[in-house]
Amino acid sequence: MNTDTFAYRHIGPREEDLLEMLKVVGVKNLEELISQTIPDDIRLEEDLNLSTAMTENEFLNHIRDLARKNKVFKSYIGLGYHPTILPGVIQRNILENPGWYTAYTPYQAEIAQGRLEALLNYQTMISDLTGLPIANASLLDEATAAAEAMSMFYGARSRDKKKAGASKFFVSIHCLHQNIELIKTRSEPLGIELVIGDHREVNLSDDYFGALLQYPAADGEIFEYDAFMADAEKFDVQVAVAADIMSLVLLSPPGELGAKAVVGTTQRFGIPLGFGGPHAAYFATTEDYKRFIPGRIIGQTVDRDGNKALRMALQTREQHIKRDKATSNICTAQVLLAVMAGAYGAYHGPKGLKHIAQKIHFHTVSLSEGLNRLGYTQVNQNFYDTLRIELGQVDKEEIRSRAIAREVNLRYISAHEVGISINETTNMEAIEEILEIFAEAKEATAPKIKLLEVSVIPESLKRTSSFMEQSVFNRYHSETEMMRYLKALERKDLSLNHSMISLGSCTMKLNAATEMLPLSWPLWANIHPFAPTNQTLGYRELITNLERDLAEITGFHSMSMQPNSGAQGEYAGLMVIRAYHQSRGDSQRDIALIPSSAHGTNPASAVMAGMKVVVVKSDEAGKIDVEDLRAKAEKHSANLAALMITYPSTHGVFEERVREITQIIHDNGGQVYMDGANMNAQVGLTSPGAIGADVCHLNLHKTFAIPHGGGGPGMGPIGVAEHLASFLPGHPLVKTGGKNPISPVSAAPYGSGLILLISYGYIKMLGMRGLKASTEYAILNANYLKERLHGAYEVLYSNENNRVAHEMIIDCRPFKKDSGIEVTDIAKRLMDYGYHAPTVSFPVAGTVMIEPTESESKQELDRFIEAMLSIRHEMAEVHNGNFDAENNPLKNAPHTMQQLTADHWNFPYDRKTAAFPLDYLYQNKFWPSVRRVDDAYGDRNLICTCEPIESYMEEEA
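So, here is what we can say about the structure in this document. (Residues numbered from 1 in each chain as written. Predicted model: local features only at pLDDT ≥ 70, side-chain atom pairs only at ≥ 80, totals over all residues. Heavy atoms only, no water.)

Examining the state of the cysteines
For step 1, the next point in the chain: Within this structure, the stated rule accounts for 0 disulfides.
For step 2, the next point in the chain: Cys-812 carries a free sulfur, and the closest cysteine sulfur to it, the one in Cys-506, is 17 Å from it.
For step 3, the next point in the chain: Residue Cys-812 is classed as buried on the basis of its relative accessible area, which comes to 2%. (Disulfide = S-S within 2.5 Å. Buried < 20%, exposed > 50% of the residue type's maximum accessible area, 1.4 Å probe, protein only.)

Take a look at the structure:
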């Protein structure tokens with residue numbers, strides 16, 4: 001047995017377990033199971049053409065060699081991306097800690113209180129710095145956040161604005177390029193008319209509903225926006241400001257200037273450049289928009305005992321509820337990065353942040369003074385960290401060649417203008433080096449400059465309001481205290497390092513340490529997304545190889561790595577289809593057929609792409625009703641744009657008629673978009689190309705091992721057939737995409753480039769055989785669970801051979817009828833058994849969807865089965881009258897340590913039944929930190945920031 005292979009470590013069941021599992025399932029071998037699960041007509045005839053699997057050590061040597069092809073220059077490019085200093089205590093205890101990065105989105109609040117508290121800290125920090133009362137728990141990137149602000153204003157227009165048909169949105173020409181371009185992408189399908197110009201010259205009117213300004217501007221100028229804000233208020237124009245988060249420590253908060261939304265990125269708060277990401281974008285707004293704000297809000301509530309607790313409020317799976325009426329398709333946030341940024345804020349506190357912000361500004365002032373002494377003209381009248389230098393008779397190439405020789409990257413605005421953005425890592429030695437570059441270009445001597453600790457920010461723009469006075473930002477400033485605080489939060493969260501998380505459709509598999517290790521290496525982490533091509537050869541080789549491998553796996557011609565979430569991938573795929581139809585003169589094609597079982601992001605994305613949703617029925621077996629599909633495709637033949645299909649279906653079944661389904665769409669002029677959420681059941685056995693799809697997005701944070709990070713980061717690259725390749729998304733600053741690219745869908749050209757290393761490692765270490773085996777074992781584990789639970793729980797859908805794919809839906813509705821036990825009670829009771837609940841009530845209300853993945857061992861599967869069977873016995877005890885109908889272990893779940901250790905026990909069952917119903921729990925007990933939370937209370941009493949310092953003082957008194 002070769003124990004050196006990565007597949008041996010990645011796949012859970014051992015060889016000695018296989019025969020027993022196959023016997024339970026009722027097949028002789030894996031191939032027999034797969035043939036009973038996947039239709040023959042879509043099986044791949046040949047193995048994937050991928051490189052031979054590397055061992056973990058070979059991969060680390062390979063990725064190190066690739067890294068050496070990158071060059072880490074000192075970066076002063078700016079444009080929303082800056083070198084940072086990540087405190088070691090945060091790097092070690094969050095970024096490199098599986099207790100944080102393997103957690104799932106906090107839908108089960110009782111076992112996610114640590115993450116929720118960290119996100120509440122983040123929201124509070126953002127709210128304080130922006131001067132607005134409500135902030136969400138992060139978005140994908142600054143450009144996306146700016147586009148979401150536009151969409152929010154548009155969707156929430158006043159009755160008068162809607163009646164008047166106000167559809168103009170003003171964008172300042174001084175905004176970051178990527179912000180402008182992404183807003184172009186998002187506005188056109190919605191019928192929003194963009195007006196791009198100088199805010200000092202535009203004439204606002206009743207035709208406008210919103211505007212976007214940059215603060216400070218892309219080139220560094222800090223404009224006074226008083227006159228614009230007054231004009232906007234006169235015409236009821238809602239203003240969003242994209243603001244540099246570090247500058248807001250020193251500058252007047254946009255909320256105090258009249259902004260109704262403030263957006264940006266928290267990358268400056270200790271997050272590595274990462275070739276563009278992942279970074280947590282922030283979004284803050286006023287109370288008026290609390291029902292419209294995109295993404296997730298963490299709010300305070302109470303648990304069953306009246307104790308304070310946290311939960312996701314208002315926006316929880318909003319797109320899954322409202323579907324095509326949703327205000328946003330945002331599903332993945334950047335939780336891990338928001339947690340890190342919030343921890344950075346807590347570690348430094350307001351005094352530390354002010355020190356850092358002033359240090360950046362003082363070094364910028366010192367550099368400006370030195371350049372002026374050299375005879376250069378510094379253009380910006382008011383600035384924080386960015387200078388715009390007029391070179392006079394000096395050509396930019398004179399500067400560039402000397403800068404490159406010193407491994408320095410500047411921003412070259414024009415032939416005679418250079419931009420310089422100073423950052424947290426800059427010291428006086430670096431300032432002297434920049435001055436020497438500019439001096440040499442003039443054949444002059446660089447002036448001797450001392451750090452000028454003076455501010456050139458005008459009094460009218462200086463911040464006067466306090467911020468971050470809450471206790472959490474003023475307690476943890478020693479590393480010991482910070483380490484203990486982070487560990488205390490981590491202990492409140494159930495992650496993959498504790499037990500299996502069997503969430504259907506979410507594929508919570510192993511995130512191998514070897515895949516994660518290179519993320520901290522400087523040659524990967526410290527690369528600016530707009531760095532010159534010859535400095536990013538390692539990244540480009542990796543991305544090219546990954547694109548080739550993913551194209552092979554999906555059966556497609558080309559890939560785009562730009563979308564930085566699954567929802568962004570959906571949107572990008574639909575926009576590519578839209579561009580294809582328009583190129584053929586078929587602009588009228590705007591109908592998207594979407595099965596009723598589809599993810600809620602599907603209809604939301606279709607509407608964002610300018611399409612109209614027509615729902616296709618499911619039959620009694622949970623499959624697409626092919627006759628209903630045919631009738632609707634033919635009815636809308638002249639206007640059919642696309643079918644959105646998940647395969648295998650969200651019901652956990654490979655539909656046998658899938659080729660017929662895709663052919664119906666093609667016969668009626670449409671394109672087939674496949675949601676890649678369930679690719680973990682396809683890799684190596686079938687493919688989107690094999691079923692006849694034209695485009696597919698891949699959730700790299702599902703199938704390809706990027707960790708969920710508590711709800712993000714994610715990546716959602718798309719693969720397309722050859723006829724769509726020319727429309728893949730481009731970028732204004734880095735050449736990407738096809739010959740006729742759509743405008744960008746993400747701020748950075750390759751999305752969250754840093755985490756592509758994880759999926760690259762996953763593929764390279766598994767190789768063809770390992771990838772195929774992973775899919776086979778994912779299907780085996782699901783069917784093993786199904787058979788072991790048979791008789792106690794019934795699976796809602798299976799195929800003609802009574803097989804499920806990699807996941808299954810268990811019907812819990814009969815239990816409510818028999819014993820009054822609801823699916824939520826089962827979910828909460830699983831916490832007492834040390835497990836995160838499977839996916840609850842999606843896609844069918846009153847059910848749970850279970851996906852064990854290939855990484856879970858037979859022993860872990862058996863423990864989970866034991867827990868589920870024990871819970872089934874408890875439900876029977878309620879039904880038989882042995883447990884009280886309302887006062888029983890399921891209705892009271894979860895049980896906390898506080899309950900178990902209290903002097904009084906007021907329940908009609910014993911403590912052991914409550915907290916230790918099975919013996920394995922004595923070895924590894926996870927304690928929920930609060931009892932069942934009150935969701936309704938939290939929505940009625942929305943509190944989404946930390947309490948002020950006064951409340952803590954009262955408690956201490």
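Focus: the packing of aromatic side chains
For step 1, the next point in the chain: Evaluation of the coordinates by the stated rule reveals 27 aromatic pairs.
For step 2, the next point in the chain: When the centroid spacing of 5.7 Å and the interplanar angle of 40° are considered together, the rings of Phe-170 and Phe-228 count as tilted. Linking Phe-170 in strand β3 (residues 168-172) with Phe-228 in helix α11 (residues 226-234), this pair joins segments that are 58 residues apart in sequence.
For step 3, the next point in the chain: For Phe-170, a relative accessible area of 0% translates into the label buried.
For step 4, the next point in the chain: Phe-228 gets classed as buried once you look at its relative accessible area, which sits at 6%.
For step 5, the next point in the chain: Through a chain of ring-to-ring contacts, the aromatic side chains of Phe-275, Trp-524, Tyr-539 and Tyr-750 assemble into a single cluster.
For step 6, the next point in the chain: Here the guanidinium or amino end of Arg-14 rests over the ring plane of Tyr-8, the centre of that ring lying 4.5 Å away. (Phe/Tyr/Trp six-rings, centres within 6.5 Å; stacked < 30°, edge-to-face > 60°. Helix = DSSP H or I, 4+ residues; strand = E, 2+ residues; numbered from the N terminus. Lys NZ or Arg CZ within 6 Å of the ring centre and 35° of its normal.)

A look at the environment of Ile-691
For step 1, the next point in the chain: Here Ile-691 is to be found in helix α25 (residues 688-691).
For step 2, the next point in the chain: If we ignore the near neighbours within four places in the chain, the residues touching Ile-691 are Ile-42, Tyr-647, Val-658, Arg-659, Thr-662, Met-674 and Thr-686. (Contact = heavy atoms within 4.5 Å.)

A word on helix α2 (residues 15-25)
For step 1, the next point in the chain: Within the sequence span of α2, burial applies to Asp-17, Leu-18, Met-21, Leu-22 and Val-25. Projected onto a plane normal to the axis of α2, the buried residues spread over an arc of 135° and lie on a single side. Looking at α2, the residues exposed on the side facing more than 90 degrees away from the buried face are Glu-16, Leu-19 and Lys-23.
For step 2, the next point in the chain: Buried residues belonging to α2 abut α3 (30-37), α26 (756-789) and α29 (858-879).
For step 3, the next point in the chain: Gly-26 occupies a position one or two residues after α2 and carries a positive phi of about 90°. (Arc of directions from axis to C-beta.)

Regarding the sheet that holds strand β6 (residues 238-243)
For step 1, the next point in the chain: Strand order in the open sheet formed by 7 strands is β2-β8-β7-β6-β5-β3-β4, and the pairing between neighbours is mixed. Looking at which strands have only one partner, the edges of the open sheet turn out to be β2 (134-135) and β4 (193-197).
For step 2, the next point in the chain: Of the strand pairs in this sheet, strand β5 (residues 208-215) and β6 are connected by 6 bridges, and their pairing is parallel. Among the inter-strand pairings, Tyr-215 is bridged to a residue of β6, identified as Ala-243.
For step 3, the next point in the chain: Here helix α7 (residues 113-130) sits on the sheet and contacts β2, β7 (261-265) and β8 (281-285); the angle it forms with β8, its principal contact strand, is near 60°.
For step 4, the next point in the chain: Along the sheet face, helix α10 (residues 177-187) touches β3, β4, β5 and β6 and points at about 160° away from the line of β4. (Pairing = 2+ DSSP bridges. Axes fitted to C-alpha atoms, helices over the stretch in contact; angles between N-to-C directions.)

Topic: the pairing of strand β18 (residues 612-616)
Two faces belong to every sheet, and in a regular strand the side chains alternate between them.
For step 1, the next point in the chain: In this structure, strand β17 (residues 591-595) lies alongside β18, joined through 5 bridges in parallel fashion. Residue pairing in the sheet places Ile-594 in a bridge with Val-615 of β18.
For step 2, the next point in the chain: In this fold, β17 hands off to helix α22 (residues 601-608), which returns the chain to β18; that crossover is right-handed. (Right-handed = clockwise from strand over helix to strand, strands pointing away.)

Notes on the side chain of Thr-266
For step 1, the next point in the chain: Its place among the elements puts Thr-266 in the loop between β7 and β8.
For step 2, the next point in the chain: Thr-266 sits in the buried class, given a relative accessible area of 0%.
For step 3, the next point in the chain: Reaching out from Thr-266, the side chain makes a polar contact with the backbone oxygen of Ala-280 at a distance of 2.7 Å.
For step 4, the next point in the chain: With near-sequence residues (within four places) excluded, Thr-266 lies in contact with Tyr-122, Ile-126, Ile-245, Ile-271, Ala-280, Tyr-282 and Ala-341. (Polar contact = N/O pair within 3.5 Å; in protein donor to acceptor, adjacent residues only side chain to side chain.)

Notes on the sheet that holds strand β24 (residues 808-811)
For step 1, the next point in the chain: One open sheet accounts for 4 strands, arranged β23-β24-β26-β25; its pairing is antiparallel. One side of each edge strand has no neighbouring strand; the edge strands of this open sheet are β23 (794-795) and β25 (839-840).
For step 2, the next point in the chain: In terms of strand pairing, β25 meets strand β26 (residues 847-850) through 2 bridges, oriented antiparallel. Within the sheet, the bridge partner assigned to Thr-839 lies in β26 and is Met-849.
For step 3, the next point in the chain: Where α26 meets the sheet, its contacts fall on β23, β24 and β26, and the angle it forms with β24 comes to roughly 20°.

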